[in-house]
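Fold and contact review
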Amino acid sequence: MSDKATLEINGKKYEFPLVTGTENEVAIDIKTLRGVTGGVTTVDPGYKNTGSCESAITFLDGEKGILRYRGYSIEELAEKADFLEVAYLLIFGELPNQEELDKFHSDIKKHAVVDDDIKKILDAFPKSAHPMGVLASLTSALTAFNPTSVNVDSEEEMYNAIVRILGKFPILVAWTMRKKQGMPLDYGSSSLGYVENILQMMFKRPDEDYTQSKILVNALDKLLILHADHEQNCSTSTVRITGSSHAGLFVSLSAGISALWGPLHGGANQAVLEMLEAIKEDGGDTKKYMAKAKDKSDPFRLMGFGHRVYKNFDPRAKIIKVAADEVLSDLGVDDPILDIAKGLEKEALEDPYFVDRKLYPNVDFYSGIIYRAMGIPVEMFTVMFALGRLPGWIAQWKEMRTRKEPIGRPRQLYIGETYRPFKSIDKR
Ligand code: ACO
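Each chain carries its own residue numbering, running from 1 in the direction its sequence is written. The model is predicted, so local features are restricted to residues of pLDDT at least 70 and side-chain atom pairs to those at 80 or more, both for listing and for counting; the totals for chains, interfaces and linings are taken over all residues. The basis for every side-chain value is the complete set of non-hydrogen atoms in the structure, without hydrogens or water.

Looking at an unreviewed UniProt entry, one finds the protein chain named Citrate synthase and attributed to Psychroserpens algicola. UniProt positions are given in the numbering used here, feature names are shortened, and annotations may be inferred rather than shown by experiment. According to the UniProt record, the Catalytic activity (unreviewed entry) comment for the protein chain reads "oxaloacetate + acetyl-CoA + H2O = citrate + CoA + H(+)".

So this is what it looks like as structure tokens:
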């Protein structure tokens, strides 16, 4: 194969280098396009064909349904690793040995407190506030309490910023939920594992000791691992582009949280559960909702179906479907919502509309069912996604800063009015 791509514009030919990734993906390097062509640009709304960076963190092949973090398959990681090991892997590039993992955990624990004044900020939110808005605000507010900017050339400073946010973020997550439920704000216990501590911080009642459930710890570990990174999706690109202006880590993460909130992205897990509930309330007629999803005059979409990149199946959805079955049976929960979900999936997988468009269940089709069985309120589902995605966002932010990437600044094709003279107010 040639190592160059040729572009012809108005009879003039331009050559651009082809670059090949480690998985033999080929990209056209168009860095010089505007310069050599005298200002010709590209248009690609939604960046369906545009690579914004080179990255060594996550590989996914949407056709084959492959997802790997730093070369390790999502199937193996979900089965054999815990969330903290996966976080370390994503952020630092290798699986930690026991000593590295212990140190990582112990350093995170040292930072597992937040300034007490954060409680005042949380207090100012109405109970009705959506937890994602609260989480984004609190994450951004952390900057005010930790104002020194990170010198990204110092490995030590970078490491400290990373363990600091990994320590504090679960507290913000737990408090966001407890505030909504009117529960006292509390810290967990440094004697617990990272995920155990999250569960305790979320669920411990003030009048009872909290008993850890192995089933819940394993289920949450798995869910967080499956959500931990997904290369250049909407929220991750937001984190990278925000950080590319050299804005700090915490505010870049806060921007990512806001991007994740939308129902076309992380907000889908909440939307799925609400959709399944609505179908149940409406008598469980899945066919009616299938028809609505296919009707182009109806804005309804089957939430939890379709993916920008996966056009065969979402490997995370496969793992999560099995996990949903296991968790519900282990907890002895008989949830009619699960039957509706399975029914919808079966119909969609046999329906030409969905088959032709390669619309398969995505990771969020089943995650909400597990979260619900765990006792997590629906409005918290996307917050749980953010908790899982945190290591991925950190890894991507770190990569972007250490590779010294330029500020993100896409081009556009202007289609508005050409010059016109100013019209005074009496003539408009
Ligand atoms: N229900 C019904 N039709 C759908 C759905 C759906 N869930 N998703 C896509 N389509 C249809 C579109 O109407 C379009 O049809 P057309 O070609 O006849 O116009 C075609 O499939 C392609 O859809 P696009 O929106 O162009 O695909 P895109 O790659 O831009 O969008 C997305 C992907 C946003 C995930 C979309 O499938 C969707 O809205 N799904 C539902 C929301 C969802 O589950 N989001 C979670 C994504 S995973 C994640 O963030 C963790």
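A few words now on the overall build of the protein chain. Numbering of helices and strands starts at the N terminus; helices are DSSP runs of H or I of at least 4 residues and strands are runs of E of at least 2. In terms of regular secondary structure, the protein chain is built from 18 helices and 6 strands. Each radius of gyration reported is based on C-alpha atoms, and the globular scaling rule is 2.2 Å times the count of residues to the power 0.38. Rg of the C-alpha trace for the protein chain: 23 Å, near the compact-globule value of 22 Å for 428 residues, within the 12% margin. Along the three orthogonal principal directions, the C-alpha set of the protein chain runs to about 75 × 65 × 55 Å. Think of it in three bands: with a 1.4 Å probe and only protein chains considered, a residue is buried below 20% of the maximum accessible area for its type, exposed above 50%, and partly exposed in between. By residue count, 46% of the 428 residues in the protein chain fall in the buried class. A fraction of 70% describes how many contacts in the protein chain between residues 6 or more apart in sequence connect residues 24 or more apart. Here, residues are in contact when the closest pair of their heavy atoms is within 4.5 Å.

A separate point is the sheet that holds strand S3 (residues 26-28). The strand order across the open sheet built from 3 strands is S1-S2-S3, with neighbouring strands paired in antiparallel fashion. Each edge of the open sheet is held by one strand with a lone partner, namely strand S1 (4-9) and S3. Recorded for the sheet is a direction-independent mean angle of 30 degrees between the axes of neighbouring strands. In this analysis, strands are considered paired if DSSP registers two or more bridges between them. Every axis in this analysis is a line fitted to C-alpha atoms, fitted for helices over the stretch in contact. Angles between the N-to-C directions lie between 0 and 180 degrees.

Grid spacing is 1 Å over the protein atoms alone, the probe is 1.4 Å, and a cavity is where that probe fits but cannot get out, while a pocket is an open set with protein on both sides within 12 Å along at least five of seven lines and lining residues have an atom within 4 Å of a point. Grid points are joined across faces, edges and corners, and a volume is the space filled by probe spheres set on the points. For the structure on display, the rule yields 2 cavities of 30 Å³ or more. In this structure, the largest cavity encloses a volume near 100 Å³. Lining the largest cavity are 15 residues, and of these Ile 108, Lys 109, Ala 112, Tyr 194 and Asn 197 lie nearest its centre. Gly falls in the polar group here, along with every residue not listed as nonpolar (Ala, Val, Leu, Ile, Met, Phe, Trp, Tyr, Cys, Pro) or charged (Asp, Glu, Lys, Arg). Grouping the constituent residues of the lining of the largest cavity by class yields 8 nonpolar, 6 polar and 1 charged.

Sulfur atoms of two cysteines make up a disulfide when they are within 2.5 Å. Summed over the entire model, instances satisfying the criterion amount to 0 disulfides. The cysteine Cys 53 is free of any disulfide, with Cys 234 supplying the nearest cysteine sulfur at 14 Å.

Structurally, the α-helix is built with 3.6 residues per turn, so residues lying three or four positions apart point the same way. Counted residue by residue, helix H17 (residues 364-373) has 8 buried out of 10 residues, so it is predominantly covered. Buried within H17 are the following residues: Asp 364, Phe 365, Tyr 366, Ser 367, Gly 368, Ile 369, Ile 370 and Tyr 371. In the segment just after H17, Gly 375 is the residue with positive phi, at about 90 degrees.

Let's shift gears to the packing of aromatic side chains. Any Phe, Tyr or Trp ring, taking Trp's six-membered ring, that has another such ring centre within 6.5 Å forms a pair; planes under 30 degrees apart are called stacked, those over 60 apart edge-to-face, and the others tilted. By the definition in use, this model includes 12 aromatic pairs. Between Tyr 353 and Phe 354 the ring centres are 5.1 Å apart and the planes differ by 65 degrees, which places this aromatic pair in the edge-to-face class. For the pair shown, Tyr 353 and Phe 354 are each scored as buried. Each member of the aromatic cluster is reached from another via a ring pair, and the members are Phe 305, Tyr 353, Phe 354, Phe 365 and Tyr 366. Charge-over-ring contacts are defined here by two conditions on Lys NZ or Arg CZ: a distance within 6 Å of the ring centre and an angle within 35 degrees of the ring normal. Above the face of the Phe 313 ring, Lys 318 is positioned so that its terminal group lies 4.2 Å from the ring centre. Cation over ring: Arg 357 sits above Tyr 353, and NZ or CZ is 3.9 Å from the ring centre.

Most peptide bonds adopt trans geometry, and most residues besides glycine take a negative phi value. You will see that Tyr 47, though not glycine, has its phi angle at about 50 degrees, which is positive. Structurally, the position occupied by Tyr 47 is in the loop between helix H1 (33-37) and strand S4 (58-61). The exposure class of Tyr 47 is exposed, given its relative accessible area of 54%. One non-glycine residue, Lys 404, lies in the positive phi region at around 55 degrees. By relative accessible area, which is 52% here, Lys 404 ends up exposed.

A few words now on the pairing of S1. As paired strands, S1 and strand S2 (residues 12-20) are joined by 6 bridges and run antiparallel to one another. Within the sheet, the bridge partner assigned to Thr 6 lies in S2 and is Glu 15.

Moving on: the layout of surface pockets. If you roll a probe as big as a water molecule over the atoms, it shows you where there is empty space left. What the second largest pocket holds in volume is close to 340 Å³. Asp 82, Phe 83, Val 195, Val 217 and Asp 221 are, among the 19 residues lining the second largest pocket, the residues nearest its centre. Sorting the residues of the lining of the second largest pocket by element identifies helix H2 (74-80), helix H3 (83-92), helix H4 (98-110), helix H8 (194-203) and helix H9 (214-227) as the ones contributing at least two each. Element by element, the count of residues in the lining of the second largest pocket is highest for H9, at 5 residues. Of the residues assigned to the lining of the second largest pocket, the class counts are 8 nonpolar, 4 polar and 7 charged.

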